[in-house]
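What the coordinates show
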Amino acid sequence: MDTSIERIRSHNNSLVNGVSYVELTAYSQESYGNAVQFYRVFLNLNELDTDQRKETVMCNDLAYIRIKYKEDQEVERQVNERLSKLIEITTKNDWRAVSSSSLVYFVDDIGEVKETLKRISLPHQAYPTELTPAQIYTLDPLGNVIGFTGNKLAIATEMPLVIPTIEDEDDSEFSSKEGSFTDLTTLMRTTSAYPSLPTRIANRSDRRIAVLTSGSDAPGMNSVIRAVVRSTIFKGCRSFVIREGFEGLVQGGACIQEYTWEDVGGWNSQSGTNIGTSRSKLFLTRAGRLIAAENLIKNSIDSIVVCGGDGSLAGGHIFKQEWHSLVAELLNTGVISISEYHRFKHLTICGISASIDNDIPITDSSIGAYSALDRVCKAVDYIQVTADSTARAYVIEIMGRHCGWLTVMAGIATAADYVIIPELPRENGCWEEHLCKIVKRNRKNGRRNTIVLLCEGALTSDLIPITSQDVSRVLTDRLKLDTRTTVLGHVQRGGAPVAYDRLSGTLQGVEAVETILGSTPDTPPTLIAVKENKIFRTDLRNAVKATLEINDAFQRKSFDRILTSRQAGFQEYFKNFLAINSADQDKKMTKSDNIKNIAIINIGAPAGGMNSAVYSMANYCMWKGHRPIAIYNGWSGLARHESIRTLKWSDIIGWQSRGGSEIGTNRETPDEADIGMIAYYFQKYNIDGLIIVGGFEGFVSLRQLENARELFPAFRIPMVLIPATLSNNVPGTEYSLGNDTALNSLTEFCDNIGISSSATQGRAYVVEVQGGNSGHLATFASIAIGARATYVPEDGISLDQLDNDIETISSSFEYVGSADRSGKVILVSKNASKSITIENLADIFTVESGGTFEAHPVIPGHLQQGGSPSAIDRTRATRLAIRAVDFIINKFEFFTNNKDVNYNATKDMIESAVVLGVKGEDIIFTSIRQLYLFETNIEKRMPKVIHWEGIRTLSDHLAGRKRVNVELE
Ligand code: F6P
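Attention here is on the structure that accompanies the text. Within any chain, residue numbers begin from 1 and follow the written order of that chain's sequence. Only residues with pLDDT of 70 or above have their local features reported here, since the model is predicted, and side-chain atom pairs are shown and tallied only from 80 upward, although totals for entire chains, interfaces and linings are computed over all residues. For the side-chain quantities, the full set of heavy atoms in the structure was used; hydrogens and water were omitted.

The numbering of helices and of strands both runs from the N terminus, where a helix is a DSSP run of H or I of at least 4 residues and a strand a run of E of at least 2. The helix and strand tally for the chain stands at 32 helices and 35 strands. Three exposure classes are used, based on accessible area relative to the maximum for each residue type with a 1.4 Å probe and protein chains only: buried under 20%, partly exposed in between, and exposed over 50%. Classification of the 969 residues of the chain by burial places 62% in the buried group. Contact between two residues is taken to exist if any of their heavy atoms lie within 4.5 Å; hydrogens are not considered. Of the contacts made within the chain by residues no fewer than 6 positions apart, 77% connect residues no fewer than 24 positions apart. When the accessible surface of the chain is totalled, it reaches about 37,000 Å², and 49% of it is carbon and sulfur. Computed with a 1.4 Å probe, the accessible areas rest on the Shrake-Rupley method; for each residue, only the protein chains presented here act as cover.

Basic side-chain nitrogens of Lys or Arg form a salt bridge, by our definition, when they fall within 4 Å of a carboxyl oxygen of Asp or Glu. Taken as a whole, this structure holds 45 salt bridges when the rule is applied. E514 is the salt-bridge partner of K235, the closest N and O atoms lying 3.2 Å from each other. On the criterion of sequence distance, the pair formed by K235 in the loop between α7 (221–234) and β12 (238–242) and E514 in helix α16 (residues 499–518) is long-range, its members being 279 residues apart. For K235, a relative accessible area of 34% puts it in the partly exposed group. Overlapping salt bridges bring together D795, D805, E949, R952, D956, R961 and R963 as one network.

Here we come to helix α19 (residues 568–581). Working rule for helices: expected span equals 1.5 Å times residues minus one. With 14 residues, α19 should cover 20 Å at 1.5 Å per step; its first-to-last C-alpha distance of 20 Å lies within 8% of that length. Across the 14 residues of α19, twelve count as buried, placing the element largely inside the fold. Residues of α19 that are buried make contact with α13 (405–414), β17 (418–420), α14 (431–444), α18 (559–565), α20 (610–623) and α29 (871–897).

We now examine a negative patch on the surface. Patch building starts from residues that exceed 30% relative accessible area and form no salt bridge, then joins like charges within 9 Å and nonpolar side chains (Val, Leu, Ile, Met, Phe, Trp, Tyr) within 5 Å. This count recognises Lys and Arg as positive and Asp and Glu as negative, with His and chain-terminal groups excluded. In this description, the location of a charge corresponds to atom NZ of lysine, CZ of arginine, CG of aspartate or CD of glutamate. Taken together, the side chains of D800, D803, E807 and E848 define an acidic patch exposed on the protein surface. The biggest single contributor to the negative patch is helix α27 (residues 799–813), with three residues. As for its position among the elements, D800 is in helix α27. By relative accessible area, which is 48% here, D800 ends up partly exposed.

A separate point is the sheet that holds strand β31 (residues 854–858). By definition, two strands form a pair when at least two bridges between them are found by DSSP. Spatially, β29-β30-β28-β31 is the arrangement adopted by the four strands of the open sheet, whose pairing is parallel. Looking at strand neighbours, the two that pair on one side only are β29 (789–791) and β31, the edges of this open sheet. The sheet shows a mean angle of 20° between the axes of neighbouring strands, taken without regard to direction. As defined by bridge partners, strand β28 (residues 763–769) adjoins β31 across five bridges and the pair is classed as parallel. What counts as an axis is a line fitted to C-alpha atoms, over the stretch in contact for a helix, and the angles between N-to-C directions run from 0 to 180 degrees.

Our focus in this paragraph is the site of the ligand. All residues in the neighbourhood of the ligand are listed as S216, R279, I356, D357, M399, G400, R401, E456, H490 and R493. Within the side chain of D357, a nitrogen or oxygen atom sits 2.6 Å from an oxygen atom of the ligand. G400 places a polar main-chain atom, nitrogen or oxygen, 3.0 Å from an oxygen atom of the ligand. Isolated, the ligand exposes 400 Å² of accessible area, and the fraction of that covered by the protein chains is 76%. Looking at the shell around the ligand, its residues break down into two nonpolar, three polar and five charged. The criterion for a residue being near a molecule or strand is simple. One of its heavy atoms has to lie within 4 Å of it. Any pair of N or O atoms that falls within 3.5 Å is considered a polar contact. Within protein, one atom must be able to donate a hydrogen and the other to accept it, and sequence-neighbouring residues count only if both atoms are side-chain atoms. Here the term charged refers only to Asp, Glu, Lys and Arg, the term nonpolar to Ala, Val, Leu, Ile, Met, Phe, Trp, Tyr, Cys and Pro, and the term polar to all other amino acids, Gly among them.

Tracing the backbone shows V241 in strand β12. The spacing of V241 and I209 is 32 residues in sequence and 8.4 Å in space, taken between C-alpha atoms. When residues no more than four places from it in sequence are discounted, the contact partners of V241 are V211, I225, V229, C255, I256, Q257, Y259 and I275.

Attention now moves to the packing of α20 against α29. It is at 8 Å that the axes of α20 and α29 come closest, and there the two elements cross at 40°. Relative to α29, the element α20 lies oblique. Two packed elements cross with a definite hand, and for α20 against α29 that hand is right-handed. Of α29, the residues touching α20 (which contributes S612, A613, S616, M617, Y620 and C621) are R874, A877, T878, A881, I882, V885 and D886. In terms of residue class, the contact of α20 with α29 is built from eight nonpolar, three polar and two charged. Between 65 and 115 degrees an angle is taken as roughly perpendicular, under 35 as roughly parallel, over 145 as roughly antiparallel, and anywhere else as oblique. Should the near helix be turned counterclockwise from the far one by less than a right angle, the crossing is left-handed, whereas a clockwise turn marks it as right-handed.

Okay, the nonpolar core next. Take the buried residues of types Ala, Val, Leu, Ile, Met, Phe, Trp, Tyr and Cys, join any two whose side-chain atoms come within 4.5 Å, and each joined set is a nonpolar core. Residues I691 and V767 are the most contacted members of the largest nonpolar core, which totals 142 residues. Ranked by residues supplied to this core, first place goes to α29 with eleven residues. I631, Y681, Y685 and F712 belong to the second largest nonpolar core, which has 36 residues in total.

For R226, the position within the fold is in helix α7. Judged by its relative accessible area of 4%, R226 is buried. Setting aside residues no more than four positions away along its own chain, R226 makes contact with V264, W267, N268, G786 and L958.

For F934, the location among the structural elements is in helix α31 (residues 928–934). Each C-alpha atom, one on F934 and one on K944, is 8.4 Å from the other, the two residues being ten residues apart in sequence. Aside from chain neighbours lying at most four places away, what touches F934 is R929 and K944.

Once that is clear, we can look at the packing of aromatic side chains. Note on ring pairs: Phe, Tyr and Trp rings are taken, using the six-membered ring of Trp, and paired if centres are within 6.5 Å. Classes follow the plane angle, with under 30 degrees stacked, over 60 edge-to-face and the rest tilted. Per the counting criterion, the structure on display carries 19 aromatic pairs. Judged by centre distance (4.9 Å) and plane angle (70°), the ring pair of Y370 and Y500 falls under edge-to-face. Here Y500 lies in helix α16 and Y370 lies in helix α12 (residues 369–390), a separation of 130 residues in the sequence. We classify Y500 as buried; its relative accessible area is 15%. Plain terms: the ring middles of F696 and F699 are 5.4 Å apart, the flat faces sit at 35° to each other, and that makes the pair tilted.

Quick look at the structure:
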């Protein structure tokens, strides 16, 4: 007897939960003997009953195995053949993927199992790695896959009750604001007459459009300037910048400068504002504004785009309001001529809100806000590490003046214990108690660090500022925590803009020029704003008014009005923070005799935000008095290993900000994994609702489950898919979790490669982009980085287009010494062509450019999946997870009352298996049946209608690339 086997025997090993009785059959005397020997010795089972020739029953405390013998040479031959095949693929394929049956055995020492298997030369597979296995599999003499795990957490055990007692304070939905939406996709059509480079524009109009940045700088302002300058030139007008904001307008002279296409080359990746900004005292006076008006007219500028925060937009509004009187005064005092008066008696003003504070109530996101949020989240992530190591408390002060948006969003994204914001002033003496209660509870539940985020403008209800020292003192004195404070300061405004701000800045800049060119003298000043995924135009005066009202509410201490005056999105996020971070997970489900089991599963490739969705779903479920259950390692994890368990708060601490998937994910669909087994486990664990977080395979999974409802009543439950894939190709949504994280990874990668290109003479890079058959990632990244050309599966790669691009890019290398020092990067979706690889493409560029430049292929590969999820993916994951849980809860009554309903016939049943998506300005649920049957190109794994069609054209326009209209390959 091998001594190692003896050692394993002496431990308290057991079969994992659920599989308590197993019956096996051997088809020859020899394999029967081997099997009995294998299970008795290797798995430490005692023989209970033996009929030496026909049947052996073995067991320990938890497992009961019956091995039967039934002579059948043919089946025995098949078993041996199967065994040989499994042995043959040991180093190539995962046995679990080809074997429908496997037993998993829990052992104390998995390392010892590995050593023993090696020594007695039994084949094995180890996961995740041979070096540090968490699971090991081998084959029994009957061809069954036998697993060993040292990790109890991966597999279901019991489902403890978790009953919160805090009631949801307010369930009412916040209403959305109205706006007049303009669809950019219809605005930006390619015209075949478009010249490949703007220097060739022949017929210039006389219109002159200027752009200025004002107030505090914000990352993404340069994208606005670039887009305004290039769109203006593209439209055949002349483009100007006003340096140093409104101050430059008053100073005039060199502060007002005409800009060319190349002047803004490479600006998307640069932070701050390259044309300067200021808070002008002179412009606050009428006399200052009079000089500003004169300077505009003397430069023949008739329209301005004002990019800045609330003060800047208010400045633009006053300027417009006064314009007629200013021009009249200039005429009366002889400063301008009568013809100048007639030509410039109308001023067109268009505002774009840019401020890291995100304090303009009309727009969801001011330019720069998400970049600042990214900085804050990274800083808090870093601090959490040291706080966790030392078990300290940290008070982190965040910018935002009197707006708590940054603080609340960072609170969600980093799962902070507590946020203190100006919108919710608490009575002096009251916030301290509340803070201590939450921190104490979280510590008791297993959290080692304490993170309190404090908005710099936080106040008590007596309007007394709450400082980081005040908070620190409370934590130190009352809770005896070792506490440190960190003031993040202007770090928050620095660094390269995140992809979102570059895209948003670009789209808003383009829209501002469209607005100006479409304006009449009667058009009121316009603000370009964002609602969810949509750019829209609104009256600038409303935005200014709404901001003033909030300031006024502060002065008058009308606290109930302050939060409700903020954007609907902010209000919802604040509610989300409370729901996931302030819920008392500790006082568990008491009185509830109606606890429901809501399961969550990750499907497909890892996507940033998957963990955040699980974290938020679990917290919210607990708060609502229901039980969150995780299915581990996808459908195969459930069907083959019964990997399912209740999530407890202590299990998920820290998940909100982690990349990858803590519960594991893979691409198998229910049909592939064994839908019957899945139904069985749904029934066994009484699953009452399901949330799938995943990409196209998640979409297909939902359809398969819905389709199987007739056969399996276990699937007659509410089911929601939260799309999560960097490809962003799930029908029913314009946004998938993970897409923003990938966009940022790719953008950062291309920024760096662009630096190399611009530093090396005659060098371009051809970068391969992931995304399956969807060119979304490549197209949006191309705007974010200012790529010279982009090839996507939707277009293919045509020789005509290639020819044209080679000429355009070659000629851009000839602008040596121009202001445009940006790198030359070309993006190619992996599936853009069946025949041309990126190596081919790089060679073609190099050879056909006739020595003008060399192109090098680069493959960032899975780096694009990103590490830690972006702040956008984290916060949206939370929002979508909460919406999904609410959806499921709202359906419970229907399912309770309609247990035996003919599911095919009812609208309610059909609409209970849905995709949760963002469409334009709405967040909507669409039935999987509708999407799958009518809106999906299944073969291509794509929606039939590409929602971002117009963006491809826009990306080409801003890169100065002519699109040649050709058929797909
Ligand atoms: O408005 C943007 C902002 O960064 C605020 O968050 C902050 O209070 C303020 O500007 C800081 O202003 P300054 O850069 O002038 O110090």
